[in-house]
Amino acid sequence: YGVVVGLISSLLYSTIAYVVISSRLALAENGYTPLFLGSLIFAHYYFEKKKFVYWYLTIFLAGVAILFKLSAVAIFISLLLLAIFYGKNEKRKLVFSLAIAFSLSILTYIFYGMYFGWETFVNVLFFNSQRFYGASSEIVYQAVNQFRITTLRNFTDGWMLFGWIALFILSFSEYKKE
């Protein structure tokens, strides 16, 4: 069907409340994933058409994504790499505007925390930074056995398991073709 249909489908799948709540957990990633996709689309348009309005839209969407979750900093890192590798003559301008947008986004995030209570904001940041994030095979184990959605049941989301199984099968099916 093409790239456009895939992006529109991803956007709809990640933002429609019925799909998000009935099929899986409602997470902050559901908000900043479409923003990341949108920023990549506008970055592509910028590098293709060289109209700076597309770059402004790119960094605006990336800035809004930071308000969803701090891990959206990865969007800025991705855009920085794109600016460095594809920026040609305007690298300095792209990186400078990206740095300003990133700074304004972080300041907005901090002011947001100050508005709702500085002490609580700092405590939440501190406690979240103390979490252990495993990045090995224990992720699959936790997805099946340990995520609790109620006090009586374990979270066994079929899409997460299906994703791992599909990745495994597709990895070997491509290997077999070669």
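Residues numbered from 1 in each chain as written. Predicted model: local features only at pLDDT ≥ 70, side-chain atom pairs only at ≥ 80, totals over all residues. Heavy atoms only, no water.

Novice: Whenever I open this one, the packing of aromatic side chains confuses me. Can you help?
Specialist: To describe a pair of aromatic rings, one takes the distance between the centres and the angle between the planes. The final tally for this structure, using the stated rule, is 13 aromatic pairs. With a centroid separation of 5.3 Å and an interplanar angle of 65°, the aromatic rings of Tyr46 and Phe47 are classed as edge-to-face. Taken as a pair, Tyr46 and Phe47 share a single burial class, namely buried. A network of ring pairs unites the aromatic residues Tyr46, Phe47, Phe52, Trp55, Tyr56 and Tyr86 as a single cluster. We note Lys49 situated over the ring of Tyr45; from NZ or CZ to the ring centre the distance is 5.1 Å. Here the basic side chain of Lys93 rests over the ring of Phe52, its NZ or CZ set 4.4 Å away from the ring centre. (Phe/Tyr/Trp six-rings, centres within 6.5 Å; stacked < 30°, edge-to-face > 60°. Buried < 20%, exposed > 50% of the residue type's maximum accessible area, 1.4 Å probe, protein only. Lys NZ or Arg CZ within 6 Å of the ring centre and 35° of its normal.)

Novice: Can you walk me through the packing of helix α5 (residues 73-86) against helix α6 (residues 91-116) in this structure?
Specialist: Helix-helix packing: each pair is described by the crossing angle between the helix axes and the interaxial distance. It is the contact of α5 with α6, at a shortest axis distance of 9 Å, that shows an interaxial angle of 170°. Classified by the angle between their axes, α5 and α6 sit roughly antiparallel to one another. Across the interface between the two elements, Val73, Phe76, Leu79, Leu80, Ala83 and Ile84 of α5 pack against Lys91, Leu94, Val95, Leu98, Ala101, Phe102 and Ser105 of α6. Residue classes in the contact of α5 with α6 are distributed as eleven nonpolar, one polar and one charged. (Axes fitted to C-alpha atoms, helices over the stretch in contact; angles between N-to-C directions. Helix = DSSP H or I, 4+ residues; strand = E, 2+ residues; numbered from the N terminus. Parallel < 35°, antiparallel > 145°, perpendicular 65-115°, else oblique. Contact = heavy atoms within 4.5 Å. Nonpolar A, V, L, I, M, F, W, Y, C, P; charged D, E, K, R; others polar.)

Novice: Hey, could you run me through the layout of surface pockets in this one?
Specialist: It is a probe the size of a water molecule, rolled over the atoms, that shows where empty space is left. In this structure, the second largest pocket encloses a volume near 250 Å³. Contributions of two or more residues to the lining of the second largest pocket are made by α1 (3-15) and α3 (29-49). Here the lining of the second largest pocket gets six residues from one element, more than from any other, and that element is α3. Grouping the constituent residues of the lining of the second largest pocket by class yields nine nonpolar, two polar and no charged. (1 Å grid on protein atoms, 1.4 Å probe; cavity = no way out; pocket = protein on both sides within 12 Å on 5 of 7 lines; lining within 4 Å. Points joined across faces, edges and corners; volume = space filled by probe spheres on them.)

Novice: So what exactly am I meant to see when it comes to the nonpolar core here?
Specialist: Nonpolar side chains tend toward joint burial in soluble globular proteins. Tyr46, Trp55, Ile75, Leu79 and Leu94 are the most contacted members of the largest nonpolar core, which has 23 residues in total. Of all elements in the fold, only α3, α4 (52-68), α5 and α6 reach the threshold of two or more residues within this core. Residues in contact with Trp55, not counting those within four places in the same chain, are Ala43, Tyr46, Phe47, Leu79, Ala83, Leu94, Ser97 and Leu98. (Core = buried A, V, L, I, M, F, W, Y, C linked by side-chain atoms within 4.5 Å.)

Novice: How should I be thinking about the environment of Leu82 in this particular structure?
Specialist: Along the chain, the position of Leu82 falls in helix α5. When the C-alpha positions of Leu82 and Val95 are compared, they lie 9.7 Å apart, and in sequence the two are 13 residues distant. Aside from chain neighbours lying at most four places away, what touches Leu82 is Leu40, Ala43, Phe47 and Gly87.

Novice: Honestly, unusual backbone geometry in this entry has me stumped. Any pointers?
Specialist: Excluding glycine, a negative phi dihedral is what most residues carry, and trans is how most peptide bonds are arranged. One non-glycine residue, Lys50, lies in positive phi territory at about 60°. Take Lys50: it is sitting in the loop between α3 and α4. Residue Lys50 is classed as partly exposed on the basis of its relative accessible area of 40%. For Lys88, which is not glycine, the phi dihedral falls at a positive 50°. As for its position among the elements, Lys88 is in the loop between α5 and α6.

So far we have only geometry, and geometry alone does not tell us how the molecule works.
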